[in-house]
Amino acid sequence: MTTSRAILAGGCFWGMQDLIRKQPGVISTRVGYTGGDVPNATYRNHGSHAEAIEIEFDPATLSYRKVLEFFFQIHDPTTMDRQGNDRGASYRSAIFYLDDEQKAVAEDTVADVNASGLWPGKVVTEISPVGPFWEAEPEHQDYLEKYPNGYTCHFIRPDWVLPRRVA
């Protein structure tokens, strides 16, 4: 089976991982730090990195576009450096593309979210080339499975669904 990868940041990685892992076509997820300036980033020392999630998925079941549409449904891409009570660059909204095709899909999806008028403002999501991904410590992996009542600011927003394009 051929798999694809996506690397996204949208606030605290615990809630993102908990919701994304349950999507049909998702094979595995891991949380970590990317998009910043500190080598070997850790929870206590991640500099300007964002808390991010790496998603391995089956593109025959789940397209990259659908991954991004769900990403925009579970976090607020219109708030700069913030999700819920979490504030700072670590909690920014970002798409880290792996190739030119992912970049084009990301730009197209952002344009569609902005054009839809469904979100509370314009998207501030950063679209950047992928860099090193530093895996977070074991206690941060699958956090909400270990602690079902743990903190999260992510939830599925039923009104934030992009309408289907008419061909």
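Quantities reported herein were computed from a predicted structural model and do not represent experimental measurements. (Residues numbered from 1 in each chain as written. Predicted model: local features only at pLDDT ≥ 70, side-chain atom pairs only at ≥ 80, totals over all residues. Heavy atoms only, no water.)

A. Up close: the overall build of the chain. Helices and strands together make up the secondary structure of the chain, namely four helices and eight strands. A compact globule built from 167 residues would reach a C-alpha radius of gyration of about 15 Å, and the chain, at 15 Å, matches this within 12%. When the backbone C-alpha atoms are referred to their principal axes, the chain occupies close to 45 × 40 × 30 Å. The buried share among the 167 residues of the chain stands at 50%. Surface exposure of the chain reaches about 8,300 Å², of which carbon and sulfur atoms provide 52%. Computed over 16 positive and 23 negative side-chain charges, the inter-centroid distance for the chain is 4 Å. (Helix = DSSP H or I, 4+ residues; strand = E, 2+ residues; numbered from the N terminus. Rg over C-alpha atoms; globule rule 2.2 N^0.38 Å. Buried < 20%, exposed > 50% of the residue type's maximum accessible area, 1.4 Å probe, protein only. Areas by Shrake-Rupley, 256 points an atom, 1.4 Å probe, with all protein chains shown as cover. Lys, Arg positive; Asp, Glu negative; His and termini not counted. Charge placed at Lys NZ, Arg CZ, Asp CG, Glu CD.)

B. Representation of the environment of glycine 47 in the model. Locating glycine 47 in the fold gives a position in the loop between strand S2 (26–34) and strand S3 (50–57). Among the residues examined, glycine 47 registers a relative accessible area of 46% and is labelled partly exposed. Apart from residues lying up to four places away in sequence, glycine 47 is in contact with Asp37 and Val38. (Contact = heavy atoms within 4.5 Å.)

C. Structural detail: the sheet that holds strand S1 (residues 4–10). Strand order in this open sheet of six strands is S7-S6-S1-S3-S2-S8, and the pairing throughout is mixed. Both outer strands of the open sheet, strand S7 (126–129) and strand S8 (133–135), are each paired with one neighbouring strand and no more. Across the sheet, the axes of successive neighbouring strands diverge by a mean angle of 35°, strand direction being ignored. Pairing of S2 with S8, which is carried by three bridges, proceeds in the antiparallel orientation. Its bridge partner being in S8, threonine 34 is matched across the sheet by phenylalanine 133. The strands that helix H1 (residues 13–20) touches are S1, S2 and S3; relative to S2, the one it contacts most, it runs at about 170°. Sheet strands in contact with helix H3 (residues 100–116) are S1, strand S6 (93–97) and S7, and its direction is about 150° off that of S6. (Pairing = 2+ DSSP bridges. Axes fitted to C-alpha atoms, helices over the stretch in contact; angles between N-to-C directions.)

D. The arrangement of unusual backbone geometry in detail. Backbone geometry at aspartate 81 places phi at a positive 55°, although glycine is not the residue there. With respect to the element layout, aspartate 81 can be found in the loop between helix H2 (64–74) and strand S4 (82–83). The phi torsion at aspartate 142 lies on the positive side, around 55°, for a residue other than glycine. Take aspartate 142: it is sitting in the loop between S8 and helix H4 (143–146).

E. Representation of the nonpolar core. Core analysis: the biggest nonpolar cluster contains 25 residues, and Leu8, Ile20, Ile55, Phe72 and Ile95 have the highest contact counts within it. Those elements that provide at least two residues to this core are S1, H1, S3, H2 and H3. For this core, the element with the most residues is H2, which contributes seven residues. Those residues in contact with leucine 8 that lie beyond four places of it in its chain are Met16, Ala52, Ile53, Ile55, Val67, Leu68, Phe71, Ala94 and Ile95. Ranked by size, the runner-up nonpolar core spans ten residues in total, among them Trp14, Val31, Ala41 and Ala136. (Core = buried A, V, L, I, M, F, W, Y, C linked by side-chain atoms within 4.5 Å.)

F. Layout of H3. Under the 1.5 Å per step criterion, the end-to-end length of H3 is 24 Å for 17 residues, consistent within 8% with the ideal 24 Å. Every buried residue of H3 is accounted for by Gln102, Ala106, Thr109, Val110, Asp112 and Val113. Viewed along the axis of H3, the buried residues span an arc of 160°, placing them on a single side of the element. Away from its buried face by more than 90 degrees, H3 exposes Asp100, Glu101 and Ala115. Each element contacted by the buried residues of H3 is listed here: S1, H2, S6 and S7. The residue sitting at the N-terminus of H3 and contributing the capping side-chain oxygen is aspartate 99; that oxygen lies 3.2 Å from the backbone nitrogen of glutamate 101. Downstream of H3 by a residue or two, glycine 117 has a phi angle that is positive, lying close to 75°. (Expected span 1.5 Å × (residues − 1). Arc of directions from axis to C-beta. Polar contact = N/O pair within 3.5 Å; in protein donor to acceptor, adjacent residues only side chain to side chain.)

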